[in-house]
Structure formats: C-alpha cells, structure tokens
Amino acid sequence: MTTPPPYTAHWSPAVPDRGRPHGDAPAAYPARYPVRLRDGSCLDLPLRPLPGGEKAVALLMANQTGFAVERALADRLTALVGDATRQAPVQAVAGVPTMGLAYARPVAEGLGLPDYVALGHSRKFWYDDALSQPVSSYTSPDQTKRLYLDPALVSRVQGRRVALVDDVLNTGHTIAAAIRLLTRAGAEIVAVAAILTEGWDWHATLAALDPALPAQVRALGHIPLFTRTPAGWAPLPGTDRQHGPAARNPATT
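Residues numbered from 1 in each chain as written. Predicted model: local features only at pLDDT ≥ 70, side-chain atom pairs only at ≥ 80, totals over all residues. Heavy atoms only, no water.

1. A look at the packing of helix H4 (residues 173–184) against helix H5 (residues 201–209)
No. 1: It is the contact of H4 with H5, at a shortest axis distance of 9 Å, that shows an interaxial angle of 25°. On the basis of their axis angle, the class for H4 and H5 is roughly parallel. In the crossing of H4 with H5, the sense of the turn from one axis to the other is right-handed. In contact with His173, Ile175, Ala176, Ile179 and Arg180 of H4, H5 contributes Thr205, Leu206 and Leu209. (Axes fitted to C-alpha atoms, helices over the stretch in contact; angles between N-to-C directions. Helix = DSSP H or I, 4+ residues; strand = E, 2+ residues; numbered from the N terminus. Parallel < 35°, antiparallel > 145°, perpendicular 65-115°, else oblique. Left-handed = near helix turned anticlockwise from the far one by under 90°. Contact = heavy atoms within 4.5 Å.)

2. Description of the pattern of salt bridges
No. 1: For the structure shown, the criterion picks out 5 salt bridges.
No. 2: A salt bridge links Arg76 to Asp39; the shortest N-O distance between them is 2.7 Å. Here the residue Arg76 occupies a position in helix H1 (residues 67–84), and Asp39 occupies one in the loop between strand E2 (32–36) and strand E3 (42–49), the gap between them amounting to 37 residues.
No. 3: By relative accessible area, which is 26% here, Arg76 ends up partly exposed.
No. 4: Between Asp129 and Arg123 there is a salt bridge, and its shortest N-O distance comes to 2.9 Å.
No. 5: Note on Arg123: relative accessible area 39%, which makes it partly exposed. (Salt bridge = Lys/Arg side-chain N within 4 Å of Asp/Glu carboxyl O. Buried < 20%, exposed > 50% of the residue type's maximum accessible area, 1.4 Å probe, protein only.)

3. Points about the packing of H1 against helix H2 (residues 101–110)
No. 1: One can describe the packing of H1 onto H2 by two numbers: an axis separation of 9 Å at closest approach and a directional angle of 55°. Of the possible angle classes, the one that applies to H1 and H2 is oblique. Between H1 and H2 lies a crossing whose hand is right-handed. Within the contact between the two elements, H1 uses Glu70, Leu73, Ala74, Leu77, Thr78 and Val81 and H2 uses Ala102, Tyr103, Pro106, Val107 and Gly110.
No. 2: Its residues placed into classes, the contact of H1 with H2 shows 8 nonpolar, 2 polar and 1 charged. (Nonpolar A, V, L, I, M, F, W, Y, C, P; charged D, E, K, R; others polar.)

4. Comments concerning the environment of Leu220
No. 1: Within the secondary structure layout, Leu220 lies in strand E11 (residues 217–223).
No. 2: Each C-alpha atom, one on Leu220 and one on Ser41, is 9.7 Å from the other, the two residues being 179 residues apart in sequence.
No. 3: Beyond its immediate sequence surroundings of up to four residues, Leu220 is in contact with Leu37, Arg38, Leu73, Arg76, Leu77, Leu80, Ala194 and Ile195.

5. Side note on the pairing of strand E4 (residues 55–58)
No. 1: The pairing of E3 with E4 spans 3 bridges and is classified as antiparallel. Within the sheet, the bridge partner assigned to Arg48 lies in E4 and is Val57.
No. 2: Hairpin connection from E3 to E4: 5 residues lie between these consecutive antiparallel strands, with Gly52 at a positive phi of about 105°.
No. 3: Where E4 meets strand E12 (residues 226–229), 2 bridges bridge the pair, whose relative direction is antiparallel. By the bridge assignment, Lys55 is partnered in E12 with Thr227. (Pairing = 2+ DSSP bridges.)

6. Quick word on the environment of Arg218
No. 1: Tracing the backbone through its elements, the reader meets Arg218 in strand E11.
No. 2: C-alpha of Arg218 to C-alpha of Ala84: the two residues are 134 residues apart in sequence and 7.8 Å apart in space.
No. 3: Engagement of the side chain of Arg218 in a polar contact is seen with the backbone oxygen of Ala215, the distance being 2.7 Å. (Polar contact = N/O pair within 3.5 Å; in protein donor to acceptor, adjacent residues only side chain to side chain.)

7. Looking at the confidence of the model for the protein chain
Note: predicted coordinates in regions of low pLDDT should not be interpreted at a detailed level.
No. 1: Across the protein chain, the average pLDDT comes to 89, with 89% of residues at or above 70.
No. 2: The secondary-structure element of the protein chain with the lowest mean pLDDT is strand E7 (residues 132–134), recorded at 91, while strand E5 (residues 92–95) shows the highest, at 98. (pLDDT = per-residue confidence, 0-100.)

8. Some remarks on the sheet that holds strand E6 (residues 117–118)
No. 1: On the basis of which strands lie adjacent, the open sheet formed by 5 strands has the order E6-E5-E9-E10-E11 and parallel pairing. Pairing within the sheet leaves two strands with one partner each, and these edge strands are E6 and E11.
No. 2: Sheet contacts for H4: E5, strand E9 (161–169) and strand E10 (188–198); angle to E9, the most-contacted strand, approximately 165°.

9. Here we look at the packing of aromatic side chains
No. 1: Here the structure, examined in full by the defined rule, presents 7 aromatic pairs.
No. 2: Ring centres 6.3 Å apart and planes at 90° place the aromatic pair Tyr29 and Phe226 in the edge-to-face group. Of this pair, Tyr29 sits in the loop between strand E1 (10–12) and E2 while Phe226 sits in strand E12; the two residues are 197 residues apart in sequence, bridging distant segments of the chain. An identical accessibility class is assigned to Tyr29 and Phe226; each is buried.
No. 3: With 5.7 Å between their ring centres and 40° between their planes, Trp200 and Trp202 make a pair best called tilted. Exposure class is identical for Trp200 and Trp202. Each is buried.
No. 4: Through a chain of ring-to-ring contacts, the aromatic side chains of Phe125, Trp126, Tyr127 and Tyr148 assemble into a single cluster. (Phe/Tyr/Trp six-rings, centres within 6.5 Å; stacked < 30°, edge-to-face > 60°.)

Here it is, written out as structure tokens:
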C-alpha cells in the first residue's frame, strides 16, 4: 500500500494570483485545488485519488486541519449561519458526525448559544432506537449504519429553530437522515450549513426529501469532483459550481 503524503490544508485571505489573465482557472490541477470561498478567501486542499485511481476529491479533513485553518472556517461559517437566520435566530445547533462536529461546537458558541447537540453513529446503552435513523450511503448500502440522537438532548431541539452543521455535503444521505431524525424529535430545521458542497448529488437527495430543502443550504464554497487527464486532475463536467442545479440559488455558494 502506498502511504499518502502528510495531510495539509491552507487558508489565505485571497485566492493566489498564479499569473493567469483575468484569474482564469486552469484546465487541470497536479496535486492541490484552491477553493474560492464566498468572501473571496481561499481554502487550498490536497487532491486525493479515489479507489480505482481515475477519480479524485479535494479532501477536507476537519480533524486533521491546523487550528488556524479551523478557526478561520468556523468563524466564517458562524457568520454565514447568523446572516441566513437573522430574521429568526437559531435556538440550537446540531452537528452531523463525524467531521461536522468539529465546526458545530464553535458555531454554536459563536452564535451565543449555551451548548450544542452532537449526533452520533455509536449507540450508547441508554439510547432509544426510536431516536435513530438509518443512513444509506455508497459505502453502506445495507443501511446497517444508524444516526442517533441522545434522549437526554431532545429538550435542546424540541420545538426550537435548529441549524444543522456539517463539513462537506456530497451524497446528502447523512444530512437527510439528520433532518428526518431531528424533525421527528420536534425540531424545526431552519438552516443547513457546511464548509463545502461537493458535486450535486446532495441537491437531488434533499429535494427528494423536501423540494424546499436545497434552498436552506448555506456553504462557504463548492468543490467539483475530478477526473484524471494527461495534464492532471480536471473538474468532472457537471459537478462544478456553474453547471449544477443550485447555480440558480446564489445563497448556497
């Protein structure tokens, strides 16, 4: 097995000028992808091949980024949620496991809330199966994986306006399960916030659950999927920001 290089993610206040006229994006990227965030700053991520070697993703690992990058992203996500819910401020923040928990906690604190709700995949002995939801994904098609809400935390979301926080929305299956679970517990989901959206499968997943849900998504940036070319990793057609169904909803990115 080939050992991947050490993980590094970088944030800078502006997208680097690589000498291209008018900031034109290159056709392919050799090893890293600079994500332009909605405030004009840049999140530079490593490109990691998927099994098979012909496709790749720009990898955000919330539990491996440096603290400075994490703080920069959490601060911007907090502001994004605050702006999106200014008319009716959120009363609770729930984090989607696993990587979304790294951002849900500082977002809740930044919004002035006293605590947050951490959803989980691990069943504690006092949990109630009625407060769980199966999660379907490409890696667990038999739906043996479940998402749990601790019964002791129901009062934090019941009858309250809740923002769901995740790191990256890709297939949308986990965030859809979280919405089902929290809605069943009496929460009103008023925002879905993420650092990044990736491709557009998530859009179809949420629209199938409720056509109004995709418009509730707020993300700092968008990343395409990538395919191997002789020049490097090229964005997969139809997965970039300009050509997806959410391009008609400028609030997403």
